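Descriptive analysis of the structure
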Amino acid sequence: MNTNRRDFLTLAGFTSLSLALPRSLRANTTPPHVLVIGGGFGGATVAKYLKLWGGNIDVTLIDRDASHYACILSNLVVTGAIPMSRIQLGYGNLKTKRGVNIVQGEALSVDPASKEVTVKIGNDFFAYAFDKLVLSPGIDFINPAGNYNSDLTPHAWKAGTQTLLLKNQLAAMAKKQTFVMTIPKSPYRCPPGPYERACSVADYLKRKKSGAKIIVLDANASIQAEPINFGNAFTKTYKDVLTYIPNVAVTEVDSATKTIVTSQGTFKGAVLNVIPNQRAGQIVANAGLVNDPTGKWALVDPLSYASTLYPDIHILGDSQGTGQPKSGHMANSQAKVCADAIIRSFSGEAPDPSPVTSSACFSPITSKTASWLTASFQYDPVTKAMKRVEPSFAEAPRPTSDGMEQMFHWADNIFADSFS
Amino acid sequence: MQPSSKPHVPSTLKRAATPRTILALSAVCACNPLPAAPPAGQLLSSQCFQCHGTNGQPVSGFEGIGGENANEMYKELLEMSLRKPEGIMDLQIRAYTPAQLRLIANYLSTLPKTSESDDD
Ligand SMILES: Cc1cc2nc3c(=O)[nH]c(=O)nc-3n(C[C@H](O)[C@H](O)[C@H](O)COP(=O)(O)OP(=O)(O)OC[C@H]3O[C@@H](n4cnc5c(N)ncnc54)[C@H](O)[C@@H]3O)c2cc1C
């Protein structure tokens, strides 16, 4: 870049001077600063790998919460099979083992011109300057019409208090009552996730609440992931307790009476688990980075996950709009591509021209068995997009107890690979 | 394209006391070199670490994959990518070209060996 020094000073303003200068103009002793917003699977992984691979880079990770609760395995918390502590992931290892600066605060806005993020910490507001910014805030919801209140009808699609709310409502169900759930319009976080929840709840009802039923209202025309395994589960394993209805458009929700009005009739349940339609995390919208044709996600260059609008702002995980599945495994995978590209850019190099990314999801089908789904992607230089490698895309031939065992090993390893 | 909505900036904004302190501190101990260009195969291999652990050292279950002989590893990976898929591993490995499997096998061989993989 040939921007002359004077222009740079005027552009950057005085306060963020040292960080706005290109590396060649900066004192050798000042390391570049990467600011990461969101300490979930994308954000934790990119922070860790920047430190692991990057040498002298300053990395600050900001999350609104003191620790992250993984959605991965969270359906098993809902049914009481595992405790909340099993999905609680702290930031202590990133701090002490990797040297990441950990800050608890809420990012409110991004100024791409001055390269600063406004963060609310307690009751104070701070401007955090960056050389590179990575946003991995996950999803936010498009709430349904009506008197919708997620405290009364929990989605449990972000883990934490929502997971416990749903767990408690499920546990409080009486025999012969009905659990009603909705499946959002694709694309949404974790394609197999809602079907996995339906199976976990159906299994629980069969074992614990005799005569109870589950009604699954899908906004989509068909099962969106693992059609064989979930199809078999719905039509065979759970045929006595589960009713699956596709093509359901939600008209309105009344959370107080746990009633949902849809294109296929009105339903009322003892538990109403509405999983609303989804969009990029709010901070991505606040930063003005939502620019895909649907108006929900951020377009990025999949060689670096840099925004197509601002080259120094990267968007990872569920919020980005490359069309790759929105999974934790995928967020971790993209984070490594992003970390590698950021490190290369600091030494003046172009990103790796042929990255590979992967997704893997393990889904409990019964309390003893699990299936899996996997897909990998290669960069296609012609379309400049990540393209699924078809021979790498498959669901498990059938749910097995081995699958259940592998699920827990995979969770342990991906939790550690992302958070420690 | 311009951002569609003006970001909300609170009126009581403080000029980043915290991060500047952090930066000043780390500047003092800036004894490491600038980030170097990453070694070949490092990024590709890291896509195995979600299951096989960071640097091929798992914390649970699956085999360690660090520090194996590069040629044997390459043969094994190629074999898994060609045989009738038996499990999730055989699908994962189909993502890569033979040239990429070569890079992965070479890079993994430079990593420390894990105790689990010592056994075989
Ligand atoms: C029931 C269920 C099951 C799932 N199972 C699987 C599975 O088997 N395999 C799999 O790979 N994936 C699974 N997923 C999907 C996976 O959880 C997500 O795709 C993944 O977490 C996305 O990573 P992310 O980094 O984009 O967001 P997240 O991991 O959600 O992280 C976002 C973080 O950003 C923080 N944050 C957001 N906004 C701000 C802000 N403004 N300021 C500060 N902090 C902020 C949040 O507190 C959060 O910690 C499942 C999801 C669900 C709901």
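For the structure, see preceding data.
This section reports on the structure supplied with the text. (Residues numbered from 1 in each chain as written. Chains lettered and ligands numbered in written order. Predicted model: local features only at pLDDT ≥ 70, side-chain atom pairs only at ≥ 80, totals over all residues. Heavy atoms only, no water.)

**Details of helix α4 (residues 70-82) of chain B**
All names here are of chain B. Over its 13 residues, α4 extends 18 Å from the first C-alpha to the last, a length consistent with the 18 Å expected when each residue adds 1.5 Å. All buried positions along α4 are accounted for by Ala70, Met73, Tyr74, Leu77, Met80 and Ser81. Taken end-on, α4 shows its buried residues confined to a sector of 130°, consistent with a single buried face. Structural note: α4 exposes Glu72, Lys75, Glu79 and Leu82 on the side pointing more than 90 degrees away from its buried face. At its buried positions, α4 is contacted by α5 (88-92) and α6 (98-109). (Helix = DSSP H or I, 4+ residues; strand = E, 2+ residues; numbered from the N terminus. Expected span 1.5 Å × (residues − 1). Buried < 20%, exposed > 50% of the residue type's maximum accessible area, 1.4 Å probe, protein only. Arc of directions from axis to C-beta. Contact = heavy atoms within 4.5 Å.)

**Section: unusual backbone geometry**
All names here are of chain A. With an omega of 0°, the peptide bond running from Ser186 to Pro187 counts as cis. Checked against the element boundaries, Pro187 lands in the loop between β11 (178-183) and α7 (193-208). For Lys258, which is not glycine, the phi torsion reads 55° and is therefore positive. Tracing the backbone shows Lys258 in the loop between β14 (250-254) and β15 (259-262). You will see that Lys384, though not glycine, has its phi angle at about 55°, which is positive. One can find Lys384 in the loop between β23 (370-380) and β24 (385-388). Residue classification places Lys384 among the exposed residues on the basis of a relative accessible area of 58%.

**Considering the packing of helix α3 (residues 41-54) of chain A against helix α10 (residues 328-346) of chain A**
Residue and element names in this part refer to chain A. As a packed pair, α3 and α10 sit with axes 8 Å apart at the nearest point and diverge in direction by 35°. Crossing hand, α3 versus α10: right-handed. Residues Phe41, Gly42, Thr45, Val46, Tyr49, Leu50, Trp53 and Gly54 of α3 form the contact with α10, whose own contacting residues are Gly328, Ala331, Asn332, Ala335, Lys336, Cys338, Ala339, Asp340, Ile342 and Ile343. Along the lines of polarity and charge, the residues of the contact of α3 with α10 split into 11 nonpolar, 5 polar and 2 charged. (Axes fitted to C-alpha atoms, helices over the stretch in contact; angles between N-to-C directions. Left-handed = near helix turned anticlockwise from the far one by under 90°. Nonpolar A, V, L, I, M, F, W, Y, C, P; charged D, E, K, R; others polar.)

**Digging into the site of the ligand**
Residue and element names in this part refer to chain A. Around the ligand, a shell composed of 35 residues is seen, among which Gly42, Asp63, Ser136, Arg189 and His329 lie nearest. Contact distances for the ligand include 2.9 Å between a nitrogen atom and a backbone N or O atom of Ala107. Protein chains shield 96% of the accessible area of the ligand, which is 1000 Å² for the free molecule. Sorting the residues of the shell around the ligand by element identifies α3, α4 (74-78), β6 (106-111), α10 and β22 (356-364) as the ones contributing at least two each. Tallied by class, the residues present in the shell around the ligand amount to 14 nonpolar, 14 polar and 7 charged. Shared between two domains, the shell around the ligand takes at least three residues from each, and those domains are domain 1 (27-138 + 281-352) and domain 2 (142-277). (Near = heavy atom within 4 Å. Polar contact = N/O pair within 3.5 Å; in protein donor to acceptor, adjacent residues only side chain to side chain. Areas by Shrake-Rupley, 256 points an atom, 1.4 Å probe, with all protein chains shown as cover. Domains from an automatic or database assignment.)

**As for the nonpolar core**
Residue and element names in this part refer to chain A. Ranked by internal contacts, the top residues of the largest apolar core, which has 132 residues, are Phe179 and Ile214. Residue contributions to this core peak at 9 residues, all from α10. Residue-level mapping places this core at the junction of two domains, with at least three residues from each of domain 1 (27-138 + 281-352) and domain 2 (142-277). When neighbours within four sequence positions are excluded, Phe179 is seen to be in contact with Leu166, Leu170, Met173, Val201, Leu205, Lys213, Ile214, Ile215, Val271 and Asn273. The next biggest cluster of nonpolar side chains, apart from the first, holds 11 residues, and it includes Val180, Ile215, Ile245 and Val274. (Core = buried A, V, L, I, M, F, W, Y, C linked by side-chain atoms within 4.5 Å.)

**Description of the side chain of Asp131(A)**
All names here are of chain A. With respect to the helices, strands and loops of the structure, Asp131 is situated in the loop between β8 (124-129) and β9 (132-135). Classification of Asp131 by relative accessible area gives buried; the value is 6%. Polar contacts involving the side chain of Asp131 include one to the main-chain amide nitrogen of His33, which spans 2.8 Å.

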